[in-house]
Amino acid sequence: MQRELRLTRREDFNKVYRHGKSAANRQYVVYCLPNPRIERFRMGVSVSKKLGSAVVRNRLRRVMKEIVRLNADRIRSHYDFIVIARMPVAEMDYKEMEKSLMHALKRAQLLRS
């Protein structure tokens, strides 16, 4: 995922958590906050240590970022959002993760119609 599409600073994460809206399904929680100052969108990823070892967590992060990268044209611009992985994600394959993540983004109203 391109650097300008990433949320990296702690204060950006805190702003989205504090002021953003959340939507969830069984596998993901999505916090989103409009940000008119950016042209596209920015994404942050959070994977808890409860989900597994560092290898498992990093794999989940990479897969989630890849799913968003491949579907970037479907995601609405001018938003910051954070995706939090829940426990069932650790056992899912790529297609299931993609379907579930796109469903969570749809529930958060982040997908273009």
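Up top is the structure these notes are about.
These numbers were taken from a predicted model, which means no experiment stands behind them.

S.K.: Describe in detail the sheet that holds strand 2 (residues 28-34), supporting the description with residues and values.
M.R.: Here 4 strands make up an open sheet; going across it, the order is 1-2-4-3 and the pairing mixed. Two strands close off the open sheet at either side, each with one partner strand: strand 1 (21-24) and strand 3 (41-47). Neighbour to neighbour, the strand axes of the sheet diverge by 20 degrees on average, direction disregarded. In terms of strand pairing, strand 3 meets strand 4 (residues 79-85) through 7 bridges, oriented parallel. Bridge pairing in strand 4 places methionine 43 opposite phenylalanine 81.

S.K.: Provide a residue-level description of the pairing of strand 1, including the pertinent values.
M.R.: Of the pairings in the sheet, the one linking strand 1 to strand 2 comprises 4 bridges and is antiparallel in character. The residue bridging serine 22 from the neighbouring strand is tyrosine 31, located in strand 2. Where strand 1 folds back on strand 2, the antiparallel hairpin that results is connected by 3 residues.

S.K.: Tell me about the side chain of arginine 57, and name the residues and values.
M.R.: Among the secondary structure elements, arginine 57 is positioned in helix 2 (residues 54-70). Lacking a salt bridge, the buried arginine 57 has glutamate 91 as its closest oppositely charged neighbour, with an N-O distance of 13 Å. A polar atom in the side chain of arginine 57 sits 2.8 Å from the backbone oxygen of glycine 52.

S.K.: Describe helix 1 (residues 10-19), and please don't skip the residues or the numbers.
M.R.: Turning to helix 1, its buried residues are Asp12, Phe13 and Val16. Summarising the axial view, the buried residues of helix 1 lie within an arc of 100 degrees, below the 170-degree limit, and thus occupy one face. Seen from the open side of helix 1, the exposed residues pointing more than 90 degrees away from its buried face are Arg10, Arg18 and His19.

S.K.: Talk me through the packing of aromatic side chains; I want residue IDs and the actual numbers.
M.R.: Scanning the model with the defined rule gives 3 aromatic pairs in all. With 6.4 Å between their ring centres and 50 degrees between their planes, phenylalanine 13 and tyrosine 17 make a pair best called tilted. Of this pair, phenylalanine 13 and tyrosine 17 both sit in helix 1, 4 residues apart, roughly one helical turn. By way of ring pairs, the aromatic residues Phe13, Tyr17 and Tyr31 are connected into one cluster.

Rules used throughout
- Each chain carries its own residue numbering, running from 1 in the direction its sequence is written.
- Local features are withheld for residues below a pLDDT of 70 in this predicted model, meaning they are given only at 70 or higher, and side-chain atom pairs are given and counted only at 80 or more; totals for whole chains, interfaces and linings count all residues.
- Side-chain metrics rest on all non-hydrogen atoms present in the structure, leaving aside hydrogens and water.
- Strand pairing is assigned whenever DSSP detects at least two bridges linking the two strands.
- Helical segments are the DSSP runs of H or I of at least four residues, strand segments are the runs of E of at least two, and each set is numbered from the N terminus.
- Axis definition: a line fitted to C-alpha atoms, over the contacting stretch in the case of helices. Angles run 0 to 180 degrees between N-to-C directions.
- Categorising residues by exposure relies on relative accessible area from a 1.4 Å probe, with only protein chains included: less than 20% of the type maximum marks a residue as buried, more than 50% marks it as exposed, and the intermediate range marks it as partly exposed.
- Under the convention used here, Asp and Glu are negative, Lys and Arg are positive, and both His and the chain ends fall outside the count.
- Salt bridge, as used here, is a side-chain nitrogen of Lys or Arg placed within 4 Å of a carboxyl oxygen of Asp or Glu.
- Any pair of nitrogen or oxygen atoms within 3.5 Å is treated as a polar contact; in protein, a donor-acceptor pairing is required on top of that, and neighbouring residues in sequence qualify only through side-chain atoms on both sides.
- Each direction from the helix axis to a C-beta atom contributes to the arc, which is the arc of those directions.
- Centre distance within 6.5 Å is the pairing criterion for rings of Phe, Tyr and Trp, where only the six-membered ring of Trp is used; planes under 30 degrees apart are then read as stacked, over 60 as edge-to-face, and the remainder as tilted.

These figures capture arrangement, not role.
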